[in-house]
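Notes for the structure review
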Amino acid sequence: MLWYMLWYKVWLESRTRFLISLLGITALCVLRVYYGMRGAPAWSLSGVAYYYFVLRSGQQLLQLAWVVAVTLLMMGGLLQEKTNGSAPFTLALPVSRARLMSVRISAGLIEAALLIAVPWAAMYATAYFSAPALSVSQVLFYAVLLAGGGAVYAGMSLLISSLVEGTYTAPMISAGFVLVCGTAPRELAFMNPMDFMNGHDYMGSGNMLAGPIPWAHAAAYMTVAALLIVASVKVIERRDF
Amino acid sequence: MSAAVIETAGLSKLYGRSHAVRNLNLSVTPGRITAFLGLNGAGKSTTIRMLLGMIRPTEGTGTVLGRSIDDPAQSVALRADVAYVSEDKRLYNYMTVEQMVRFTSGFFPGWREDLASALLRRYELPAKRKVRHLSKGMRTKLALLLAIARRPALLILDEPSEGLDPRGVEQLLEALVAQCAEGTSVFFSSHQIEEVERISDQICIIHQGRLAMDASLDELRTSWRRVDAVLPGGPQPHDFTMRGVERLRTRGQQMSVVASGNVDAIVARARESGASTIDVTPVGLREIFLQTIEPDSIAEN
């Protein structure tokens, strides 16, 4: 019952942001694929140009929107509640801070994963019904890149929202982090989650991702994300409210 | 007598170089209504939040219902038996009243659905309305409902009557007395001395982070007196430097003493000094409170 109630709270708290993000991103991706292909010259609906329109531009749009959405979804939590004034009520419940955080983090990660899965499924379906079908392996490749690199943004947003008070300060700092990653020099691409997400280093001929899926690199980013998440929990556990 | 519901020993909280709470030794008796008084910034809210594990003490220890406030696991366990109504009474803006009740009930196996429904009607709370659209008074009533329906062993409230209209205040005071009658210990902070005087059994006053007074209201009513005297020869304040004199004011031939005890001896001293008239009257809690937080006014003119 207790777990159920914590999930219930997190869902009520985040559902508006999540559903708007999900519908908005999915609609954008679908339109991008649909009109991208319709607007393309006839010769481009196969081979290289096809994947350029459908996959690469779809992924780039999704990547940008996803990072923004997940940054916002990971805001909130006890520090935000402190700003709103509801933290004393939450902290007076017979629940540990770690448990409160674990439900919020789990819900955030599930929502983030759905923000990858649903738009990609929608792009796949759009392509399937309006043009030549996409390659499932390419879709999976992009999804892994997005999840691996994106986990770092999710973890960093969580940490920032655990450290910084104020309704706007934490999102602004998170946006700054995204900006720094987006403008980092190419020499640092191996450690830049933004570069990992856009798949630049794995691009083969014809703008198609080539080679095996970089599970190790994705796992490394996820490990960094896990460390950021653990740090967030520790910060919240030690903080005065 | 059974063990104290709240017990602290040397409890302190330091913010930088400033002491919010300093070496606080508090003992709250079960089954009573205990008022926790103090000026703004005296350390009331900080103390309460330390008791509930929201703030970590810099020094000292404490127990609530026999469980340590320092131990995270025990802190979680004690919160199952404690209800807390915070100063702001802020709840979740995105939930409706009904959702708040459903959400809170899930954490307390002893939740009284019948009582929650009765209070919902009594307080005229609109079940379908979002919390963000409630007035402060309604929010306070909802917070009170959520606290009472869980049947706590200890009810802690931080300035509960703030923002309530007179009818709401009456409902609040009635609810607190009823809770106490059912065996719940009540510990509340307030600036409303009249309300405190009406329902409290025990008075704790905190000043500059320290416990300045811990006494029963009956005891205060019995022992504290004002002695007004007219001394034709002019009052000599040093004659009244004696036990029990908390404050002495003089104006011309008039002398006014606020005493926390030893009244007979003070009256006798006034007679010895040639007082033409002597009046002894009770002292209200407001004056006792003000005197307790301004103890350096022994001889004022």
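Just so you know, these numbers come straight off a predicted model, no measurement behind them. (Residues numbered from 1 in each chain as written. Chains lettered and ligands numbered in written order. Predicted model: local features only at pLDDT ≥ 70, side-chain atom pairs only at ≥ 80, totals over all residues.)

**Details of the overall build of chain A**
For chain A, the count of helices and strands is 9 helices and 0 strands. For chain A, the N- to C-terminal ordering of α and β elements is α-α-α-α-α-α-α-α-α. Over its C-alpha atoms chain A spans a radius of gyration of 19 Å, differing by no more than 12% from the 18 Å that the globule rule assigns to 241 residues. Judged by the C-alpha coordinates and their principal axes, chain A covers about 65 × 40 × 30 Å. When burial is assessed residue by residue, chain A has 42% of its 241 residues classed as buried. (Helix = DSSP H or I, 4+ residues; strand = E, 2+ residues; numbered from the N terminus. Rg over C-alpha atoms; globule rule 2.2 N^0.38 Å. Buried ≥ 20, exposed ≤ 12 C-beta atoms within 10 Å, placed from the backbone.)

**Observations regarding the overall build of chain B**
Broken down by element type, chain B carries 10 helices and 16 strands. Seen through its principal axes, chain B has C-alpha atoms that stretch 70 × 40 × 40 Å. Expressed as a percentage of contacts within chain B between residues at least 6 apart in sequence, the contacts between residues at least 24 apart total 69%. (Contact = placed C-beta atoms within 7 Å.)

**What about the interface of chain A and chain B?**
Each partner contributes residues to the interface: chain A has 21 residues there, and chain B has 21 residues. Counted by class, the side of chain A that touches chain B contains 14 nonpolar, 4 polar and 3 charged residues. (Nonpolar A, V, L, I, M, F, W, Y, C, P; charged D, E, K, R; others polar.)

**Overview of helix H1 (residues 44-51) of chain B**
Residue and element names in this part refer to chain B. Buried residues dominate H1, accounting for 8 of its 8 residues. Considered for burial, the residues of H1 that qualify are Lys-44, Ser-45, Thr-46, Thr-47, Ile-48, Arg-49, Met-50 and Leu-51. Looking one or two residues beyond H1, the residue adopting positive phi is Gly-53, at roughly 80 degrees.

**Structural notes on the pairing of strand E8 (residues 154-158) of chain B**
Residues and elements named next belong to chain B. Among the 5 residues in E8, 5 count as buried, and that is most of the element. With burial as the criterion, each face of E8 is covered, one bearing Leu-154, Ile-156 and Asp-158 and the other bearing Leu-155 and Leu-157. Pairing analysis gives 4 bridges linking strand E7 (residues 82-85) to E8, with the strands arranged parallel. Its bridge partner being in E8, Val-82 is matched across the sheet by Leu-154. Where E8 and strand E9 (residues 185-189) come together, 5 bridges link them in parallel fashion. Across the sheet, residue Leu-155 finds its bridge partner in E9, namely Val-186. Following the chain from E8 across helix H6 (residues 166-181) to the adjacent parallel E9, one finds a crossover that is right-handed. (Pairing = 2+ DSSP bridges. Right-handed = clockwise from strand over helix to strand, strands pointing away.)

**A word on the packing of helix H6 (residues 136-163) of chain A against helix H7 (residues 169-182) of chain A**
All names here are of chain A. One way to put it is that H6 packs onto H7 with a least axis distance of 9 Å and a crossing angle of 145 degrees. Both H6 and H7 take part in a crossing whose hand is right-handed. Residues Tyr-153, Met-156, Ser-157, Ile-160 and Ser-161 of H6 touch H7, and the partners they reach there are Ala-170, Ile-173, Ser-174, Phe-177 and Val-178. A per-class count over the contact of H6 with H7 returns 7 nonpolar, 3 polar and no charged. (Axes fitted to C-alpha atoms, helices over the stretch in contact; angles between N-to-C directions. Left-handed = near helix turned anticlockwise from the far one by under 90°.)

**A few points about the environment of Leu-73 of chain A**
Inspection of the secondary structure assignment puts Leu-73 of chain A in helix H2 (residues 47-73). Residues Leu-73 of chain A and Leu-158 of chain A, 85 residues apart in the sequence, show an inter-C-alpha distance of 9.1 Å.

**Brief notes about the confidence of the model for chain A**
Per-residue pLDDT for chain A averages 88, and the proportion of residues at 70 or more is 93%. Per-element confidence in chain A is highest for helix H4 (residues 87-91) of chain A, whose mean pLDDT is 96, and lowest for H2 of chain A, whose mean pLDDT is 82. (pLDDT = per-residue confidence, 0-100.)

**Some thoughts on the sheet that holds strand E11 (residues 210-216) of chain B**
Residues and elements named next belong to chain B. If you trace the 6 strands from one edge of the open sheet to the other, you get E7-E8-E9-E4-E10-E11, paired in mixed fashion. Taken across any chain shown, the strands that pair with only one partner, and hence form the sheet edges, are E7 and E11. Adjacent strand axes in the sheet meet at a mean angle of 15 degrees when their direction is disregarded. With 4 bridges connecting them, strand E4 (residues 33-37) and strand E10 (residues 202-207) associate as parallel partners. If you follow Thr-34 over to E10, its bridge partner there is Gln-202. Of the strands in this sheet, E7 and E8 are in contact with helix H5 (residues 136-148), which crosses E7 at around 175 degrees. In this fold H6 packs onto E4, E8 and E9, with an angle of close to 145 degrees to the strand it touches most, E9.

**Considerations on the pairing of strand E1 (residues 6-15) of chain B**
All names here are of chain B. In terms of strand pairing, E1 meets strand E3 (residues 27-28) through 2 bridges, oriented antiparallel. Counterpart to Glu-7 in the pairing with E3 is Ser-27. Here E1 pairs with strand E5 (residues 59-64) via 5 bridges, running antiparallel. Bridged to Ala-9 within E5 is Thr-61.

**Observations regarding H7 of chain A**
Residue and element names in this part refer to chain A. With 14 residues, H7 extends 20 Å from end C-alpha to end C-alpha; this agrees with the ideal 20 Å at 1.5 Å per step. All of the buried residues along H7 are Ala-170, Ser-174 and Cys-181. Buried residues of H7, viewed axially, fall in a sector of 35 degrees; they line one side. Exposed positions of H7 whose direction lies more than 90 degrees from the buried face are Met-172, Gly-176, Leu-179 and Val-180. (Expected span 1.5 Å × (residues − 1). Arc of directions from axis to C-beta.)

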